Structure formats: structure tokens, C-alpha cells
Amino acid sequence: MGFRKKNKSPPVLSHEFVIQNHADMVSCLAMIILLGLMFEVTAKFAIMFITVQYNVTQVLDEKSEPVNLYQYGPKDVATVFFYLLIAVILHALIQEYILDKMNRRLHLSKTKHSKFNESGQLAVFYLFSFVWGCSILTAEEFAKNPTFLWEGYPHTHMVFQVKFFYICQIAYWLHALPELYFQKVRKEDIPRQLYYICLYVVHITGAYVLNLHRLGLVLLVPHYLVELLFHASRLFYFSDENKQKGFTLWALLFVIARLLTLTLSVLTFGFGLPRTENQGFSLAQGNFNVLTIRMTCLAAICLTQAWMMWKFINFQLKKWREHSQNQASKKKTPATSTTVSPKSKPHKREAGRGAAVNGVVKAEDKTSPRARKAKAS
């Protein structure tokens, strides 16, 4: 009985070692932070990483109970860092227990394998964020009063769900940067992923810091729905290339989401905020309602939407060209199949051996020796 050969483990702290064991190392770091809650000396530092900071108790009316609201501050960096570690751990769990098992069954190529992993991770995140964002908007009753996007600005106070939502969003998109290294993303795909990761980080952080979290939340929810549909359609396409109906619905909703984003942005920065009472710039009060910041934010959103539409149009043109080429190749194949092959043509010998009259084939005039003697006599 022979011994099984063991795979050689990579050297400690080498690139391959870090990539293979990054989830274990990150989970150990998160456990150290959690263990800090057990000791009085370290508890106040551990709480800064785990719980949401800057809570403010506010009494709206004399009869109503006090409400806990939250602001943002520099301690949020520690909270974002902790939930960044949680995002890395969850990313590894989804990859190992769901996506890797599906990849083994599908037997995809390297290119499709990388895109399948990307779409699988993003589809889970978009679904979770979309459901969470819808629950927050339902509580805020945005559909009944759209003017709440700019009324009462600056919106320095947030409920717990809104602040925790933004903390998790920033943490997730920051965790996507080291995941490019951990997941061994191909060099060709790194610039494309870096573009949209940086755009998410800049826009979400900007809405959080500039006290525009209401507008940011309203714009994120439909955008996440469109992206969820795209990545879900791509997952179905990789499992079966005939399943492409989801891309048609995605294309329609993509254009609607871009128009909705531009409309709400123009209403907020062009008409809503300029008419509010609190005008001016004040870091202490969290007021950024000045023309320069408003126009900068509006320009950033418009340029981002224009870039996304440009990428969308190029994607649709590429898909249309591939479809037209496939249709042209299908039209050529029947024409070539109707042509008669040289093997099917009758041979000269077969044509000269006789002709068929009333279904009877006449043989060549080859008489027997006895018949030739009768003719000679």
C-alpha cells in the first residue's frame, strides 16, 4: 500500500501563503478585536471598532419619547475597518462554499471563471443592499414626499439603520481593493474593476460626508436593482448560453435608472438646495450648501452617468455585431448544404452501361458466342 503524496505548502508569509490563508488571518484579527470587549482596559477601544459611534439623544416633542440619532466623525474610520474585515471573511465563505462548488460543475474557462466569481459575489451584495435600502426608504416614506431630499438641509442626524448602511457600504467597497490581490484577478480585468470600485467609494463617501445621505440612498437603491439584474443574468448565461432574456430587461431598466438619477440630481442640486433657508459653508454645522459644492457634486454625477451610458452603448454595439455575424454565418450554412457533392454525381461508366425503359434496365449489346455463330451462318 503506497503513501499519498501531500501537496507542498507554500513558504510562510509568501504571496501564495497569504492568498491561501488570508481569510484565516483576517478572522484572527477580528477575533482579537472582539476579545478586547472582555477586559475593561481594552473595552473602550474595542467598542469603537464594533459599534456605531456619535449617537445623540434628541426629543422631538414633549409628549414623545427621546430618539437616538447619529452623526459622523473620525471614529467611523475604525468602525469601517472592522466591517471591512467582516466583508473579507464573508467574501471567502461565499467563494469557497457556493461559487467554487458551482464552478466545478460548470467547467468554465479561465475568463468565464473569473467573471462568474465576480458576478456571484456582486449579485449577493446587490441583493442584500437592495432589500436593506428598500426597507429604509419604506420607513422614511420617500414615495409620499420626494421633497425630503433637500428639506431641512443639512441632514446632520441619521437613524441607526441609515448610518450603519453607509458604514457597511463603504467597508464593502474598500474591501474589494485587497480582494483584487487575494482572488488573483487577471491583469486585463484589474483596470475595469478599479474604475467602478473607486467610483463607488468616492460617491458613497461623498454623500456620507456632505450630509447628502438621503439623496445617496435614493440613488443607490434603483442602481443596485439594475446591477443585480445584470449579474444575475450573466450567471444564468454562463450556466446556459441560450438564457439571454435577462439582458434585454436589464438594458431597459439601465436607461431608466440613468434618467432617474439625472432627474433627481438636477432637482436636488439645481432647484431644491438653492431654495433652502440654510445657505453657506460651515464645517461645524455640517453645512455645505454653496454653489461651488453643489455644481461639483452635480457635475460628478452627470459625468459618471455619461461614462456609464458610453460603456453601455459600446457593450450593446458589440453584442449587436456578434449577433449579426452569427446570423450571417447561419444563412451561409444552408446554401452550402444544398450544393451537390462530387461523390453524388453519377460516374461516366454507370451512365454508359445502360438506360432504363419502363423500369427495366437494358444491358449493353454484348452477345454470347452462340448468338454470334448464328449470325455468321
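The protein appears in an unreviewed UniProt entry as Translocating chain-associated membrane protein from Scophthalmus maximus. Here the protein is described in UniProt, under the heading Subcellular location (unreviewed entry), as follows: "Membrane".

A. Representation of the layout of surface pockets within the structure. Space inside the second largest pocket adds up to approximately 860 Å³. In terms of lining, the second largest pocket is formed by 36 residues, of which the most central are H91, Q95, E179, F182 and Q183. Among the elements of the structure, α1 (15–35), α3 (76–106), α4 (110–140), α5 (160–182) and α6 (190–209) are those that each provide at least two residues to the lining of the second largest pocket. Top element by residues in the lining of the second largest pocket is α3. It accounts for 8 residues. Residue composition of the lining of the second largest pocket, by class: 15 nonpolar, 12 polar and 9 charged.

B. The arrangement of empty space enclosed by the protein in detail. The full count for this structure, using the stated rule, is 1 cavity of 30 Å³ or more. Roughly 60 Å³ of volume is contained in the largest cavity. Surrounding the largest cavity, Y153, L210, L212, F269, L273, F288, N289, I293, R294 and C297 form its lining. Sorting the residues of the lining of the largest cavity by element identifies β4 (287–289) and α9 (291–338) as the ones contributing at least two each.

C. Inspection of the UniProt feature "transmembrane region" (unreviewed entry) in the protein at higher detail. In the numbering used here, UniProt assigns the feature "transmembrane region" (unreviewed entry) to residues 29–52, 80–99, 120–139, 159–182, 194–211, 217–237, 249–271 and 291–310. The distance separating the terminal C-alpha atoms of residues 194–211 is 26 Å; by composition the span is 89% helix and 0% strand.

D. Main features of α5. Across its 23 residues, α5 extends 32 Å between first and last C-alpha, which sits within 8% of the 33 Å expected from 1.5 Å per residue. In the stretch just after α5, K184 is the one whose phi turns positive, near 55°.

E. The arrangement of the nonpolar core in detail. Ranked by internal contacts, the top residues of the largest apolar core, which has 62 residues, are Y126, Y166, W173, I204, L212, Y224 and F269. Here this core gets 11 residues from one element, more than from any other, and that element is α5. Discounting residues that sit within four places of it in the chain, L212 has contacts with Y153, Y166, A207, F269, L273 and C297. Counting residues in each nonpolar core, the second largest holds 10 residues, with F230, W250, A251 and M308 among its members.

F. Local environment of the packing of aromatic side chains. Summed over the entire model, instances satisfying the criterion amount to 35 aromatic pairs. Ring centres 5.6 Å apart and planes at 55° place the aromatic pair F128 and W132 in the tilted group. With F128 and W132 both in helix α4 and 4 residues apart, this pair spans about one turn of that helix. Owing to a relative accessible area of 12%, W132 belongs among the buried residues under this scheme. Aromatic pair W173 and Y200: ring centres 3.9 Å apart, planes at 5°, arrangement stacked. Taken together, the residues span a long stretch of sequence, with W173 in helix α5 and Y200 in helix α6 at a distance of 27 residues. W173 gets classed as buried once you look at its relative accessible area, which sits at 1%. Here Y200 falls in the buried class, since its relative accessible area comes to 10%.

G. Seen up close, unusual backbone geometry. Put simply, Y153 and P154 share a cis peptide bond, and its omega is 10°. Position of P154 relative to the elements: it lies in the loop between α4 and α5. Even without glycine at this site, H107 takes up a positive phi of about 55°. For N211, which is not glycine, the phi torsion reads 60° and is therefore positive. On the basis of relative accessibility, which here comes to 1%, the residue N211 falls in the buried class.

H. Representation of the packing of α4 against α6 in the model. Interaxial distance between α4 and α6 falls to 14 Å at its minimum, and their mutual angle equals 15°. Considering their axes alone, α4 and α6 lie roughly parallel with respect to each other. The crossing of α4 and α6 is left-handed. Between α4, through E118, L122 and Y126, and α6, the contact on the second element is made entirely by R192, Q193, Y196 and Y200. Across the contact of α4 with α6, the residue classes tally to 4 nonpolar, 1 polar and 2 charged.

I. Structural detail: the environment of P274. In this structure, P274 sits in the loop between α8 (245–272) and β3 (280–282). On the basis of relative accessibility, which here comes to 31%, the residue P274 falls in the partly exposed class. Counting along the chain gives 16 residues from P274 to V290, while the straight-line C-alpha distance between them is 8.1 Å. Apart from residues no more than four positions distant in its own chain, P274 is found in contact with T268, F269, Q279 and R294.

J. Structural detail: the packing of α3 against α5. Between α3 and α5, the least distance of the axes is 7 Å, while the angle of their chain directions is 60°. The angle between the axes of α3 and α5 places the two elements in the oblique class. Where α3 crosses over α5, the handedness of that crossing is right-handed. Counted together, D76, T79, V80, Y83, L84, A87, V88 and H91 of α3 and K163, F164, I167, I170, A171, Y172, L174, H175 and E179 of α5 form the full contact between these two elements. For the contact of α3 with α5, a count of residues per class yields 11 nonpolar, 3 polar and 3 charged.

About the criteria used
Residues numbered from 1 in each chain as written. Predicted model: local features only at pLDDT ≥ 70, side-chain atom pairs only at ≥ 80, totals over all residues. Heavy atoms only, no water. UniProt positions renumbered as here; feature names shortened; annotations may be inferred. 1 Å grid on protein atoms, 1.4 Å probe; cavity = no way out; pocket = protein on both sides within 12 Å on 5 of 7 lines; lining within 4 Å. Points joined across faces, edges and corners; volume = space filled by probe spheres on them. Helix = DSSP H or I, 4+ residues; strand = E, 2+ residues; numbered from the N terminus. Nonpolar A, V, L, I, M, F, W, Y, C, P; charged D, E, K, R; others polar. Expected span 1.5 Å × (residues − 1). Core = buried A, V, L, I, M, F, W, Y, C linked by side-chain atoms within 4.5 Å. Buried < 20%, exposed > 50% of the residue type's maximum accessible area, 1.4 Å probe, protein only. Contact = heavy atoms within 4.5 Å. Phe/Tyr/Trp six-rings, centres within 6.5 Å; stacked < 30°, edge-to-face > 60°. Axes fitted to C-alpha atoms, helices over the stretch in contact; angles between N-to-C directions. Parallel < 35°, antiparallel > 145°, perpendicular 65-115°, else oblique. Left-handed = near helix turned anticlockwise from the far one by under 90°.

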